[in-house]
Amino acid sequence: MWEAGVFGTGWALSQHSHCFSRSLRESNVIAGQGGRGSNWAYGYHGQRGEGERGLLQRAMESVRLEAERSDCYCGTVLFHSLSGGTGAGLGARLCEKIREEFPAGHILSVSVAPHQSGESPLQHYNTLLSLAALHSSADGLLLFHNDEALSQALAVQTRGRAGPPGAPAQTSLAAMNLHISSCLGGLLLPVHSLTTASGLSLGLEPWELLRSVCPLPAAKLLHTSQACSSDATPWESLASSSLKTVPPNSPCGEPYHSRAVLAVARGDRDGSFLLHAPRILHNLRQGHRCVPWNPFPVDYWTDPRSVLRRHPSPSSRSLTVCSNHSGAAALLRRVDERVRVMLHSRAYLHWYQRYGCEESDFLQALDTLKTVEQEYSVGA
């Protein structure tokens, strides 16, 4: 599902990518004639009179057709942002419609949170309403933060830079997207651990991910970190590197914790990860401060193949770690604080009321996020 502004670029890329174009049906490319004005309410409720040919209805028809084509429908992975009208509003509504249509199927939302400031004056409203809606309909929210993706992309650029010392590092949106796609590939692409005896992949990775890291439905915000190497770097070193991007404490000094952790080792051609698994998992358990009430807080998958384009050498390996981490509460707390200030001033409320979103909807969403924040606070 595309906005008009990104449709041309996305479709052109699909036509030049053999792997992508082979798996993308042209009939499933649903393009709108315009955006949703960075307004969650406009994206969620849509235009009056859209009827059966609206963007949401056409997208749901394509989802139904794909589900009917499959031998066994297991679920949907939904990719969208949290800051705009299309990704936040229409994405949340699409998630709800999929839940209504396929109540037994899983839904994994891959959501990109905006920079803390500077993207849109409405981004905090949109993030609040989207997260509250997704919490009710999705089984897990795999969160990526633009600020963190930018930091990781800059770190990669700095390591590979040949310029003069002290010169400012530069990166691009493509480098940020590469980081996010590398993490997603590390988590969701087929792994040997979940294939059948005949080597057939059943595509269970997203749903087994949810089973591993979402032990309770009240807390489903997931953090991802990744460490990569172009050579046979010891797995213990990669595990230590993956912990560097996991925040240890809240801004007020309270220690964060993880309810569950999943580690995916790719490029394990010699079986060395399995050989040292007890020590690696122990380090991850300590580094993430796993809760004591979960008897098996760390799970792992392995695969001999490396799928990383960033390090294409034959000996490359990666360790991608997904955790149900209480650091997600920092985003909820920040959104809560900024939305309350805006609501007190009644800033931009009329833009949302125009499309059927009232102040009571914001207050209800604030209550939902406050409940999730408290769940992470007492979960340890």
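Residues numbered from 1 in each chain as written. Predicted model: local features only at pLDDT ≥ 70, side-chain atom pairs only at ≥ 80, totals over all residues. Heavy atoms only, no water.

**Section: the pattern of salt bridges**
Going through the model one piece at a time under the given rule, you end up with 17 salt bridges. In this structure, Arg-99 engages Asp-139 in a salt bridge whose closest nitrogen and oxygen atoms are separated by 2.9 Å. You can see Arg-99 sitting in helix α5 (residues 85–101) and its partner Asp-139 sitting in the loop between α6 (123–137) and β3 (140–145), a full 40 residues away along the chain. For Arg-99, a relative accessible area of 18% puts it in the buried group. For Asp-139, a relative accessible area of 29% puts it in the partly exposed group. Arg-259 is the partner of Glu-375 in a salt bridge, and the nearest nitrogen-oxygen pair spans 3.0 Å. With Glu-375 in helix α15 (residues 359–378) and Arg-259 in strand β5 (residues 258–266), the pair connects residues that are 116 residues apart, well separated along the chain. When its relative accessible area of 23% is taken as the criterion, Glu-375 is described as partly exposed. Among the ionic contacts, a cluster of salt bridges with common partners joins Arg-25, Glu-66 and Arg-69. (Salt bridge = Lys/Arg side-chain N within 4 Å of Asp/Glu carboxyl O. Helix = DSSP H or I, 4+ residues; strand = E, 2+ residues; numbered from the N terminus. Buried < 20%, exposed > 50% of the residue type's maximum accessible area, 1.4 Å probe, protein only.)

**Brief notes about the packing of α6 against helix α13 (residues 328–345)**
Following both chains from N to C, one finds α6 and α13 inclined at 120°, their axes separated by 9 Å at the closest point. On the basis of the axis angle, α6 is oblique to α13. Two packed elements cross with a definite hand, and for α6 against α13 that hand is left-handed. Judged by residue contacts, His-124, Tyr-125, Thr-127, Leu-128 and Leu-131 of α6 engage Leu-331, Leu-332, Val-335, Arg-338, Val-339, Met-342 and Leu-343 from α13. (Axes fitted to C-alpha atoms, helices over the stretch in contact; angles between N-to-C directions. Parallel < 35°, antiparallel > 145°, perpendicular 65-115°, else oblique. Left-handed = near helix turned anticlockwise from the far one by under 90°. Contact = heavy atoms within 4.5 Å.)

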